[in-house]
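Each chain, letter by letter, is given below.
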Amino acid sequence: MIVAASPTAAPAAVPADLADRDPQLLRRIYEYMVLTRAVEDRMVAMYKGGDLLGSLYTGHWHEGISVGAASTIGPDDYMAPIHRDLGAHLWRGMEPWAVMASFMGKATSTTGGRDGTLHYGRLDLGIYNLPSHIPANFPVATGMAFAAKYRGQDRVCLAFCGDGSTSRADFHESLTLASVMDLPNVFVIENNQFAYSTPIALQSKSTVFADKAKGYGIPGVTVDGTDVLAVHDAVAQAVARARAGEGPSIVEAVTMRMHGHAEHDPADYVPKAMFEEWAAKDPVELFEKRLLAAGLVDDDAVKKVRDDARQAAIAARKKALADPMPDPSNIEEGVYAD
Amino acid sequence: MPTDLAPDIINADAGPKDTGQATYLDAISLALDHEMQRDPDVFIIGEDVGQFGGAFKVTKGFLDRYGPRRIVDTPIAETGFTGLAAGAALVGLRPVVEFQFADFISCAFDPIVNVLARHHWRTGDPMPVTMRAPFGGRLRAGPTHSQSVESYFAHVPGLKIVMPGTPEDAAGLLISSIRDNNPVLFLENKYLYRRLRASGPISLEPIPLGKAKVVREGRDVSLVTYSAGVHQAVELAEELAKDGISVEVVDVRTLVPLDVETIVDSVRKTSRAVVLHEAATRMGYGAEIAAVIQQEAFWHLDHPVVRIGAKNTPTPTSPPLEDAVIPQPAEIAETVRKVARA
């Protein structure tokens, strides 16, 4: 294909929507989105190749939400992400091989193979390692925020859940507690149209999930979850509010779950047209195009970011594959803390 | 944020005082107050624990003494505030959760079992959460206000379960529970709250978890029990002594961890064992105790281990019905007498 003019050939002035932003932050966000995609694509291949123990939960088309939200808070803040949020883990320093090791039950995983798959959060990175009962991470997130407030610390806790989670008691009770107690929480609802096979219309009579905020007397906003900066800005505003002691907010980020619930799931219950429509809204590509258009990256930089991410994923797989399996001899230790 | 924090103690004169004859309930208040005073990371959270002082008034005066930062009234949200406690504990606080009635703990089954209990084993992070819950019958409170819940949770690895039977133990064991780095279920028999009194000042020294206590020595039969069973067993032992039957009463005190040694030593001495609790016999904790005894002391036994517990029905409300379900003194006496003489 011949294009009349490459956007990078003659860099225009940075468009207004990017002009007042930190270009380094923008490039970092882009790099982590690309890395997230590369690691997950590699893991899909690993799943298909039989490297992994069970299924694989990915966050294709969630990269803008996980990285966009995680990039609003600092290292002293807390986070309670879910299985679509690899980007948030990576942003805070989680290494790709450790995520793979978790899906392989390796001794080197963050739980030493005791837990596995998506349960790899690290408290030393300020990340709660959640159980499978999502959003069981929500009440825990209120507790982390409570502790910050209790001690007068300038810390917030960012919690994530899906559209399906909003039906559960944990969601309602957490929002109730956080709002009544003015806790420094931000609750991100990743509306990806399906909870396993259940479409949002069967999940909730009101499919604008941010509207639930009204019932708790807190702000709620819906943003395009494929637009990383829209997510970043909405979450940053909610974080600022939480830091100011004004209490929690809901940010609903709308996207599409482009894979099955997990890789074993062909998602044949999703209308084909829906996949086709959303395919044009790849958050990684969309952001890449914006940065290219603004001249904040050029073709070489894009190629390097993509190559580096691919190489990082390949190296991570190599290490995770070579890592040892756990030793069962101490399995009864550590049921109780000293 | 950060904001100016309220002081850890607002009014030093408010709060519980030891009268020298503290009830079981007073002893719990004194222990809570002691730990709140000692450690600014300890806070109390639950329904109506503040202004109202708790449904049973265990935290009466605490709001005045410590203020709303540390005495936290919540909406009716057991799942929420139990999970909140987990999150607070993960980042260094020591929450004490009050369930208004142990019956309502079912609403928090998920955070207790899936969040609190298995977190340390999964990750190595400590999880110091104490959960207090008034349980048990004999108050004519009916099927959903009288339950004994220990067996639901005794099956879950990672939880400790403490069930004191005296004011002194209630205080010392609660202090240890709060200082423990694990989730502890501290079950208070609400029938005892105002019925048992200490005979002197309450010691606020911690009593280690996992140590049973022979509360009365005897030769003929070991009566192994906990919580409200302890005072019943002691009274019964005194009564049977008149008939020349010597009953040894073993107070298990903590179900998890279980002090197998003290129980087994007693049975090896007496060669007979009766296990008593208020919970239903079927799948009750007595089944575990009986199994441990037969495994560790089988060749010392002169009689099968006998369990006494409630009938396998919900707890009824009306007095004649409830009394027919929960083991009564006469029935317990008859069983122990039979085993001792068989």
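An account of the accompanying structure is given in this report. (Residues numbered from 1 in each chain as written. Chains lettered and ligands numbered in written order. Predicted model: local features only at pLDDT ≥ 70, side-chain atom pairs only at ≥ 80, totals over all residues. Heavy atoms only, no water.)

## Some remarks on the pattern of salt bridges
Inspection of every chain in the model, using the stated rule, returns 33 salt bridges over all chains. A salt bridge links Asp41(B) to Arg151(A); its shortest N-O distance comes to 3.3 Å. Residue Asp41(B) is found in the loop between α1 (24-38) and β1 (42-46), and its partner Arg151(A) is found in the loop between α6 (137-150) and β2 (157-162); the two belong to separate chains. Measuring nitrogen to oxygen at the nearest pair gives 3.4 Å for the salt bridge that ties Arg243(A) to Asp154(A). Of this pair, Arg243(A) sits in helix α10 (residues 228-243) while Asp154(A) sits in the loop between α6 and β2; the two residues are 89 residues apart in sequence, bridging distant segments of the chain. For Arg243(A), a relative accessible area of 22% corresponds to the partly exposed category. (Salt bridge = Lys/Arg side-chain N within 4 Å of Asp/Glu carboxyl O. Helix = DSSP H or I, 4+ residues; strand = E, 2+ residues; numbered from the N terminus. Buried < 20%, exposed > 50% of the residue type's maximum accessible area, 1.4 Å probe, protein only.)

## A closer look at the packing of helix α5 (residues 96-104) of chain A against helix α13 (residues 299-322) of chain A
The relative placement of two packed helices is expressed as an angle between their axes plus a distance between the axes. All names here are of chain A. With their axes 8 Å apart at the nearest point, α5 and α13 run at an angle of 45° to one another. The pairing of α5 with α13 is recorded here as oblique in orientation. Along this stretch, α5 crosses α13, giving a crossing that reads as right-handed. Together, Pro96, Trp97, Met100, Ala101 and Met104 of α5 and Ala313, Ala316, Arg317, Lys319, Ala320 and Leu321 of α13 make up the contact between the two elements. Residue composition of the contact of α5 with α13, by class: nine nonpolar, no polar and two charged. (Axes fitted to C-alpha atoms, helices over the stretch in contact; angles between N-to-C directions. Parallel < 35°, antiparallel > 145°, perpendicular 65-115°, else oblique. Left-handed = near helix turned anticlockwise from the far one by under 90°. Contact = heavy atoms within 4.5 Å. Nonpolar A, V, L, I, M, F, W, Y, C, P; charged D, E, K, R; others polar.)

## Considering the environment of Ser55(A)
All names here are of chain A. With respect to the helices, strands and loops of the structure, serine 55 is situated in the loop between α2 (23-48) and α3 (63-70). Overall, serine 55 belongs to the buried group, its relative accessible area being 12%. Sequence-wise, serine 55 and glutamate 332 are 277 residues apart; in three dimensions their C-alpha atoms are separated by 26 Å. Those residues within four positions of serine 55 in sequence are excluded, and the remaining contacts are Tyr47, Phe103, Thr117, Ala262, Glu263 and His264. Looking at serine 55, its side chain comes within polar contact range of the main-chain nitrogen of glutamate 263, at 3.5 Å. A polar side-chain atom of serine 55 sits 2.6 Å from a polar atom in the side chain of histidine 264. (Polar contact = N/O pair within 3.5 Å; in protein donor to acceptor, adjacent residues only side chain to side chain.)

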